[in-house]
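Notes for the structure review
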Amino acid sequence: MTQRQRDEIQAELQQSIAGEVRFDRYSRALYSTDASIYQIEPLGVVIPRDRSDVVATIEVAARYGVPVLPRGGGTSLGGQAVGPGIHLDFSKMMNRILEVNSDERRVRVEAGVILDHLNAHLKPHGLMFGPDPASANRATLAGVIGNNAAGSHSILYGRSVDHTLTVRAVLADGHEATFAATDPDRIGQLGQGDGLEARIHREVARIVREHEAEIREDWPRHWRRASGYNLDEFVAGRPFNIAKLLAGSEGTLAVMTELTLNLVPRPPRTALDVIHFDSLTAAMDAVNIILECQPSAVELLDEMLLNLTRQVPLYARQLTFVEGQPGALLAVEFYGESEADLAARLNGLEAHLRQQGTRGPFVRALTPAAQANVWSVRKAGLGLLMSMKGDWKPIPFVEDTSVPPQALPAYIRDFERILAEYQTRAAFYAHASAGCLHIRPLINLKRADEIAKMRDIATAISDLVAGYGGVMSGEHGDGLARSLWLEKTFGPRLYQAFREVKAAFDPHGIMNPGKIVEAPDMTANLRYGPGYRTIDVPTHLDFSRDGGFAGAVEMCNGSGVCRKLTTGTMCPSYMVTLEEEHSTRGRANALRAALSGLLPPEELTSPRMHQVLDLCIACKACKAECPSQVDMARLKYEFLAKYHAVHGLPLRARLFGQIAALSRLGSATAPFSNWVLRNPVVRLGLERFVGIDRRRSLPAFARPTFSTWFKRHRPGRRQTNGRVALFHDTFLEYNEPRIGIAATRVLEAAGYEVVLTDHRCCGRPMISQGMLAEARRNAEYNVAQLAPLVEQGIPIVGFEPSCVSALREEYPDFVRHSSATLVAQQTLLFDEFLDTEQVAGKLTLHPHAAPRDVLLHGHCHQKALIGTTPTLAVLRAVPGLNVTEIDAGCCGMAGAFGYEVEHYGISQAMGERALFKAIRAAQPEAIIIADGVSCRQQIKHGTGRRALHLAEVLSDALEGCAPER
């Protein structure tokens, strides 16, 4: 296609639709991949506002003969969501829940509604959508239905096709049609006429009639199937419903815009029993024994997955259900009406297994929190596996095979034999209850011999699966990875029927071509291949453990966990904008495109790349919450350093980076400096010439400083618990000395001798502005000062999470010496230190507070480092405090980010998303705790409420120990 034709199509679309049209290089690069191993650059992207935009887009595409590909969360593992032509992204605008009918247990939604959002909306009705794929927190309903997803509870609820009632769709000629169950007497009537809708009814009826014998006799017997077109839904007396054919069609027949879906009651109570096995084969031998007890789900986690989980901070903290080093786990779930009912079922399961020789351990997860840990790790399986470092990765190409459960033990032994023949190994996890295991062999796609090995393994496995009466896809669909096996699976006559179905709906072949029928070879269009190369990027930080800067970028596999909206912190800007380029995945894809040549190499330091990375607030949530551990903050730091080297360091970045020096001056000249900063003329000047938003009040400077107070301070009691060195950060020193005073009181009351460290600014403000050379010098100085202390066994205790994060995470990258590692290991947050001492039985602190509600907001770096569990443990040890953690993600201030004039609006939007609402709803006398200085400022600016540091709350709660103000 010529550039002139591209321009004509873009111009027509821009004139025709109310949504957004994007044909620029960056948008094409961002939509060239999904969660699969494939990459195909599209012609452009359309983000429709409503159904009329979809109609207009397909009309234009049909006139030009351009392919159309509907896309939701872009989470497909088979390559369904990549292809040439025009992509329709439904996730940003067409995401409304239109109608809930509780009496009839059905719901009507737009295509872009996320499954978890729907279930949260349905919870007050006591209903939910039955199928529950692992990607439910970012998968859209049209994607779920289009892929015929099933999930962990398929033995109860079946597949998505079983819950698809009505589909409103746009056909390949641009006309709209609504498909629902049809009275048999009307089928002939609907097939009359010359239009495409009539042709579809007429042709589908003919195809079913002519191939009914093959459908009845040759169709794969195992029900857990997401392959081919669902022609089996039209035989055996089932209603004639074209909507059932669109389920699992992967966008190859029509574009779904609205769905009416069946709902199921939410289970009254659930319980999990996590059964430990010495080996994978022992676990497989137990599956059918477990199924005799009629569980609601049986999920497998193997040793490789568990070992990788231990390396990812957020998920490692969730491994509360694992004892020792098992070779495999089976998580068995039961539904029940009461706790007694569930206890009886668990007792029965364990007794039944012990009779068959299973020793356990058996770890029960009975509380919602304990069960959430199990499901979180299980559903993160894909990303956790892809966190493996290096070029050999557990690749999804035979990961979705499905065989009857009774065949699992023999099938797995045969599968492992094939792996041994090809000298590789694999990860095993997923839905043992339905015989659908996600098995991912380790392959290096950057080598030609490994790609050939991948295809050979797939060929051998397709033969193996057929021999066991299974299918190559139990839920992930065919796409580019598995469509070539359909003729082998279904036979030539049924495959011809699939061709005829495709031709009936899409006579000109524009609807997501190359999937299900007429597919290319599975080794074509790979994201990585023997010719894949990246430019060399020298770095300030140490990326050697990731295989260099490019290797760190390539840790993103595209699974899109960063697009979740309902829980956690990742990714704050995406949660507000719903823009692909503002997700961690989008940023990684943009960087990879510039590194690998999909974009020109000069784009690596271009203003457009800066725009992509600009709204990354370096919260580090991705490092903790991304199962693959994509650390976008570190990548952004390096990008900024390179960008400033080309374009120069702006004045604002220099001022924020040198905030310690400015704060020292401000404190020395207070209160005059505070009057200056409050002056409207000065604030207007700062906004106009520096870019600091005048709507923000800058933090006041304090005088005297904390260190001045500390020199005059004399401990009030004898210290017996050893020495503690305080890392008094810039803000504690010059803006909020009351926090240091309170912490000193608390630690001394607990029997510790408090000393101050000699140090410079931690360097975090410099790091966040890309001033990495300056930050390195501070890191080297501070390590030299702190190392002698930690060598004496004196812990370093910090109070600002972002500062402690710098010492623990960036210092070993800057100072590549064992002393930096030692400092990192012995530097603790205040809450972490107290909790550690409390657990060890050393803490003699006994605060007691008047009955008060406490709302805790965790700092992003705090959550990425250690989580908020230590803070909660310390607070809950104080009688009188009723503590609740706010599930709000990032506050939106993020250091300097919220002060920058161009970011003020989105900063406030991040706060408004959940944090501000929770605080406004709190009682006036409730205590708000936020250990991050940015968080406290944002809460003050957004709600007018004053938030306290944990040290202040504990100091106030100590009997007879009120902090000095």
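Everything below is about the structure printed above this text.
All of the points below concern the structure found in this document. The shown structure was predicted, so the numbers you read here are calculated from the model rather than taken from an experiment. (Residues numbered from 1 in each chain as written. Predicted model: local features only at pLDDT ≥ 70, side-chain atom pairs only at ≥ 80, totals over all residues. Heavy atoms only, no water.)

1. As for the overall build of the chain
- On a plain count of helices and strands, the chain comes out with 44 helices and 25 strands.
- Relative to a compact globule of 965 residues, whose C-alpha radius of gyration would be 30 Å, the chain shows 30 Å and is just as compact.
- Dimensions of the chain, computed from C-alpha atoms along their principal axes, come out at roughly 95 × 75 × 55 Å.
- Relative to its 965 residues, the chain shows a buried fraction of 64%.
- The long-range share in the chain, meaning contacts at least 24 apart out of those at least 6 apart in sequence, stands at 75%.
- Counting 105 positive and 108 negative side-chain charges, the chain places the averaged centre of each group 6 Å from the other. (Helix = DSSP H or I, 4+ residues; strand = E, 2+ residues; numbered from the N terminus. Rg over C-alpha atoms; globule rule 2.2 N^0.38 Å. Buried < 20%, exposed > 50% of the residue type's maximum accessible area, 1.4 Å probe, protein only. Contact = heavy atoms within 4.5 Å. Lys, Arg positive; Asp, Glu negative; His and termini not counted. Charge placed at Lys NZ, Arg CZ, Asp CG, Glu CD.)

2. Some details on the pattern of salt bridges
- With the rule as written, the count across this model stands at 63 salt bridges.
- The residue Glu 579 makes a salt bridge to Arg 22 at a minimum N-O spacing of 2.6 Å. Of the two residues, Glu 579 is situated in the loop between α22 (572-577) and α23 (584-596) and Arg 22 in strand β1 (residues 20-22); the sequence distance between them amounts to 557 residues. In this pair, the class of Glu 579 matches that of Arg 22, namely buried.
- In this structure, the salt-bridge partner of Glu 258 is Arg 108, at a minimum N-O distance of 3.2 Å. Here Glu 258, found in strand β10 (residues 255-262), pairs with Arg 108, found in strand β6 (residues 106-110); they are 150 residues apart in sequence, far enough to count as distant.
- For Arg 108, a relative accessible area of 28% gives the class partly exposed. (Salt bridge = Lys/Arg side-chain N within 4 Å of Asp/Glu carboxyl O.)

3. Some thoughts on the packing of helix α8 (residues 196-218) against helix α20 (residues 492-505)
- Direction vectors running N to C along α8 and α20 enclose 170°, while the axes themselves pass 9 Å from each other. Taken together, α8 and α20 sit at an angle that is classed as roughly antiparallel. Each of Leu 196, Arg 199, Ile 200, Glu 203, Val 204, Arg 206, Ile 207, Glu 210, His 211, Glu 214, Ile 215 and Asp 218 in α8 lies in contact with α20, whose residues at this interface are Arg 493, Leu 494, Ala 497, Glu 500, Val 501, Ala 503, Ala 504 and Phe 505.
- When the residues that make up the contact of α8 with α20 are grouped by side-chain class, the tally is eleven nonpolar, one polar and eight charged. (Axes fitted to C-alpha atoms, helices over the stretch in contact; angles between N-to-C directions. Parallel < 35°, antiparallel > 145°, perpendicular 65-115°, else oblique. Nonpolar A, V, L, I, M, F, W, Y, C, P; charged D, E, K, R; others polar.)

4. Here's the deal with the packing of aromatic side chains
- A complete count under the given rule lists 17 aromatic pairs for this structure.
- With a centroid separation of 6.1 Å and 25° between ring planes, the pair formed by Phe 672 and Trp 675 is classed as stacked. Of the two residues, Phe 672 and Trp 675 both sit in helix α29 (residues 672-678), three residues apart, roughly one turn of that helix. Note on accessibility: Phe 672 and Trp 675 belong to one class, exposed.
- Aromatic pair Trp 709 and Phe 710: ring centres 6.4 Å apart, planes at 55°, arrangement tilted. An identical accessibility class is assigned to Trp 709 and Phe 710; each is buried.
- Each member of the aromatic cluster is reached from another via a ring pair, and the members are Trp 219, Tyr 229, Phe 490 and Phe 498.
- Against the face of Tyr 528 rests Lys 446, its NZ or CZ located 5.4 Å from the ring centre.
- Lying over the aromatic face of Tyr 26, Arg 608 brings its terminal NZ or CZ to 4.7 Å of the ring centre. (Phe/Tyr/Trp six-rings, centres within 6.5 Å; stacked < 30°, edge-to-face > 60°. Lys NZ or Arg CZ within 6 Å of the ring centre and 35° of its normal.)

5. A look at unusual backbone geometry
- That bond from Met 570 to Cys 571 is cis: its omega, -10°, falls within 30 degrees of zero.
- By the secondary structure assignment, Cys 571 is in the loop between α21 (548-553) and α22.
- Note the cis peptide between Ala 670 and Pro 671, where omega equals 10°.
- By secondary structure assignment, the location of Pro 671 is in the loop between α28 (659-668) and α29.
- The backbone phi angle of Ala 236 is positive, close to 60°, even though this residue is not glycine.
- For Ile 516, which is not glycine, the phi dihedral falls at a positive 70°.

6. As for the nonpolar core
- Of all hydrophobic cores here, the largest spans 83 residues; its most connected members are Met 570, Leu 591, Met 609, Met 632, Leu 635 and Phe 814.
- In contact with Met 570, not counting residues within four places along its chain, are Val 561, Cys 562, Lys 564, Met 575, Thr 584, Ala 621, Cys 622, Glu 625 and Cys 626.
- Listed in part, the 81 residues of the second largest apolar core include Ile 17, Ala 177, Leu 245 and Ala 254. (Core = buried A, V, L, I, M, F, W, Y, C linked by side-chain atoms within 4.5 Å.)

7. Looking at the sheet that holds β6
- Taken in spatial order, the five strands make up an open sheet running β5-β6-β10-β8-β9, and their pairing is antiparallel. The outermost strands of the open sheet, each flanked by one partner alone, are β5 (97-101) and β9 (176-179). Going from strand to strand, the sheet's axes swing by 10° on average, the running direction of each strand aside.
- Across five bridges, the pairing between β6 and β10 is antiparallel. Bridging from a neighbouring strand, Val 107 pairs with Leu 261 of β10.
- The strands touched by helix α3 (residues 51-64) are β8 (164-170), β9 and β10; relative to β10, the strand with the most contacts, the crossing angle is about 140°. (Pairing = 2+ DSSP bridges.)

8. Concerning helix α13 (residues 339-355)
- Here α13 contains 17 residues, and its C-alpha end-to-end distance of 24 Å stays within 8% of the 24 Å for a straight helix at 1.5 Å per residue.
- Among the residues making up α13, those that are buried are Leu 342, Leu 346, Leu 349, Glu 350, His 352 and Leu 353. Angular distribution of buried residues about the axis of α13 spans 160°; they occupy a single face of the element. Exposed side of α13, more than 90 degrees from the buried face: Ala 340 and Gln 355 are the residues found there.
- For α13, the elements touching its buried residues are β12 (269-277), α10 (280-291), β14 (328-336) and β15 (362-365). (Expected span 1.5 Å × (residues − 1). Arc of directions from axis to C-beta.)

9. Let's talk about the pairing of β14
- Taking burial as the measure, the nine residues of β14 include nine buried ones, the bulk of the element.
- Neither face of β14 is open: one carries Ala 328, Leu 330, Val 332, Phe 334 and Gly 336, the other Leu 329, Ala 331, Glu 333 and Tyr 335, and all of them are buried.
- As judged from the nine bridges shared by β12 and β14, these two strands associate in the antiparallel manner. Bridging across to β14, Val 274 finds its partner in Ala 331.

10. Digging into the packing of helix α38 (residues 830-839) against helix α44 (residues 950-957)
- Following both chains from N to C, one finds α38 and α44 inclined at 50°, their axes separated by 10 Å at the closest point. Our classification of the angle between α38 and α44 gives oblique. Here Phe 830, Asp 831 and Leu 834 of α38 lie close against α44, whose contacting residues are Leu 950, Ala 951 and Leu 954.
- Counted by class, the contact of α38 with α44 contains five nonpolar, no polar and one charged residues.

11. A short note on a nonpolar patch on the surface
- Taken together, the side chains of Ile 155, Leu 156 and Trp 223 define a hydrophobic patch exposed on the protein surface, amounting to about 250 Å² of accessible area.
- Relative to the assigned elements, Ile 155 resides in helix α6 (residues 154-157).
- Residue Ile 155 is classed as partly exposed on the basis of its relative accessible area, which comes to 30%. (Patch = residues over 30% accessible without salt bridge, like charges linked within 9 Å, V, L, I, M, F, W, Y side chains within 5 Å. Areas by Shrake-Rupley, 256 points an atom, 1.4 Å probe, with all protein chains shown as cover.)

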